[in-house]
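Coordinate inspection notes
For reference, the chains in residue letters:
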Amino acid sequence: MENILFTYMSKLTSLSEEEQQAIVNEIHIEEFKKGTVLLRQGEVPAKCYFILKGCIRQYSIDEEGNEVTSNLYTEEQAIAFFNYHKADKSSDYTIACLEDSVVVVGDLNTEQNMYAKYTQLESMTRKIIEENFSQVQAEFAAFIASSPEERFKALLMKRPSLIDRVPQHQLASFLGMTPESLSRIKKRMHREHT
């Protein structure tokens, strides 16, 4: 698992092997079982995450009591929280493991100490956030402009592994449709390809 971190740091920084090893020695890697809730909607986040292995879902409960999946994180993706604009700093989302997962767990309270100690780490984090933000913007624009079937086709092209990793009702929610609609789209596409 540490190899993933070394590869990632080598790609985004010019840290020496010794500095990379020192960072890896200081970070905390945890294993979480499927179903583990890392953060509940309404709680104040104290951690950030980088997924080495597994699939983690971000969702919220809407006013009617329905779960709405807003993101699915997999290997080499970061889960960061940008809720400092809120007076109570609480999370709008629940973060839960869909699979057994291996995750780098960062403590938001000690984050500044790590940045002070390893200045390139802050730069690397900024690059990750910029990359994620750019991706989210592009995906949101495409989501708004596309039909449910186009959304499913885009998912098949960009993140096909999610089809087998995420329960259909959660995948449908992520795609902005009902499970029944997703089932119909899958059947129609299967007929077209046979």
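Just so we're clear, the structure is a prediction, and the values are computed from it rather than from any experiment.

1. Some thoughts on the overall build of the protein
Tallying secondary structure elements over the protein gives eight helices and eight strands in all. Dimensions along the principal axes, computed over C-alpha positions, put the protein at roughly 55 × 40 × 30 Å. Within the protein, the proportion of its 194 residues that are buried is 39%. Within the protein, contacts between residues separated by at least 24 positions form 70% of all contacts whose residues are at least 6 apart in sequence. Here the protein contributes 22 positive and 29 negative side-chain charges, whose respective centroids are spaced 7 Å apart.

2. Points about the packing of helix 5 (residues 148–158) against helix 8 (residues 179–193)
A pair of packed helices can be characterised by two numbers: the angle between their axes and the separation between those axes. Interaxial distance between helix 5 and helix 8 falls to 10 Å at its minimum, and their mutual angle equals 70°. By the angle class used here, helix 5 and helix 8 are roughly perpendicular. You can see that helix 5 and helix 8 cross each other, and the crossing is right-handed. Where helix 5 abuts helix 8, its residues Pro148, Glu149, Phe152, Lys153 and Leu156 lie against Leu182, Ile185, Lys186, Arg188 and Met189. The residue inventory of the contact of helix 5 with helix 8, partitioned by class, reads six nonpolar, no polar and four charged.

3. Considering the pairing of strand 5 (residues 67–73)
Pairing between strand 4 (residues 56–61) and strand 5: six bridges, direction antiparallel. Each residue of the ladder has a partner; that of serine 60, found in strand 5, is valine 68. Here strand 4 hands over to strand 5 after five residues, with glycine 65 in that stretch at a positive phi of 90°.

4. A closer look at helix 5
All of the buried residues along helix 5 are Glu149, Arg151, Phe152 and Leu155. Projected down its long axis, helix 5 carries its buried residues within an arc of 160°, all on one side. Of the exposed residues in helix 5, those oriented more than 90 degrees away from the buried face are Met157 and Lys158. Along its buried surface, helix 5 packs onto helix 4 (119–145), helix 6 (162–165), helix 7 (168–174) and helix 8.

5. Regarding the pattern of salt bridges
The tally for this structure, following the rule as stated, stands at eight salt bridges. Of the charged contacts, one joins aspartate 107 and lysine 47 as a salt bridge, the two residues approaching to 3.7 Å between their closest N and O atoms. Within this pair, whereas aspartate 107 is found in strand 8 (residues 101–107), its partner lysine 47 is found in strand 3 (residues 47–53), the two being separated by 60 residues in sequence. A relative accessible area of 28% means that aspartate 107 is categorised as partly exposed.

6. Observations regarding the packing of helix 1 (residues 2–12) against helix 2 (residues 17–26)
Viewed as axis vectors pointing N to C, helix 1 and helix 2 meet at an angle of 130°, and their least axial separation amounts to 10 Å. Of the possible angle classes, the one that applies to helix 1 and helix 2 is oblique. Here helix 1 and helix 2 pass one another in a crossing that is right-handed. Contacts from Glu2, Leu5, Phe6, Met9 and Ser10 in helix 1 reach Gln20, Gln21, Ile23 and Val24 in helix 2. Within the contact of helix 1 with helix 2, the residues separate by chemical class into five nonpolar, three polar and one charged.

7. Quick look at the environment of methionine 189
Relative to the helices and strands, methionine 189 resides in helix 8. On the accessibility criterion, methionine 189 (9% relative accessible area) is buried. Excluding anything up to four places from it in sequence, methionine 189 contacts Glu149, Phe152, Lys153 and Leu156.

8. What to know about helix 4
For helix 4, with 27 residues, the first-to-last C-alpha span of 40 Å sits near the 39 Å given by 1.5 Å per residue. Turning to helix 4, its buried residues are Leu121, Met124 and Ile128.

Analysis parameters
- In this numbering scheme, every chain counts its residues from 1 along its sequence in written order.
- In view of the model being predicted, local features appear only for residues whose pLDDT reaches at least 70, and side-chain atom pairs are presented and counted only at 80 or more, with totals across whole chains, interfaces and linings using the full set of residues.
- Only heavy atoms go into the side-chain values, all of them from the structure, while hydrogens and water stay out.
- Put simply, DSSP marks the helices as runs of H or I at least four residues long and the strands as runs of E at least two long, and each gets a number from the N terminus on.
- Buried residues are those whose accessible area, probed at 1.4 Å on protein chains only, stays under 20% of the maximum for their type, while exposed residues exceed 50% and partly exposed ones sit between those limits.
- In this analysis, two residues are considered to be in contact whenever any of their non-hydrogen atoms come within 4.5 Å of each other.
- By the counting scheme adopted, Arg and Lys are positive, Glu and Asp are negative, and His together with the chain ends is not counted.
- We put the charge of a Lys on NZ, of an Arg on CZ, of an Asp on CG and of a Glu on CD.
- Helix axes are fitted only over the stretch in contact, all axes being lines through C-alpha atoms; the angle between N-to-C directions runs from 0 to 180 degrees.
- Any angle from 65 to 115 degrees is called roughly perpendicular, while one under 35 is roughly parallel, one over 145 is roughly antiparallel, and all others are oblique.
- Handedness of a crossing is defined here by the sense of rotation of the near helix relative to the far one, left-handed for an anticlockwise turn of less than a right angle and right-handed for a clockwise turn.
- When residues are sorted by character, Ala, Val, Leu, Ile, Met, Phe, Trp, Tyr, Cys and Pro go into the nonpolar class, Asp, Glu, Lys and Arg into the charged class, and all the rest, Gly among them, into the polar class.
- At least two DSSP bridges between two strands are needed for those strands to be called paired.
- Think of it as the arc spanned by the lines of direction from the helix axis to the C-beta atoms.
- For this document, the term salt bridge refers to a Lys or Arg side-chain nitrogen within 4 Å of an Asp or Glu carboxyl oxygen.
- Working rule for helices: expected span equals 1.5 Å times residues minus one.

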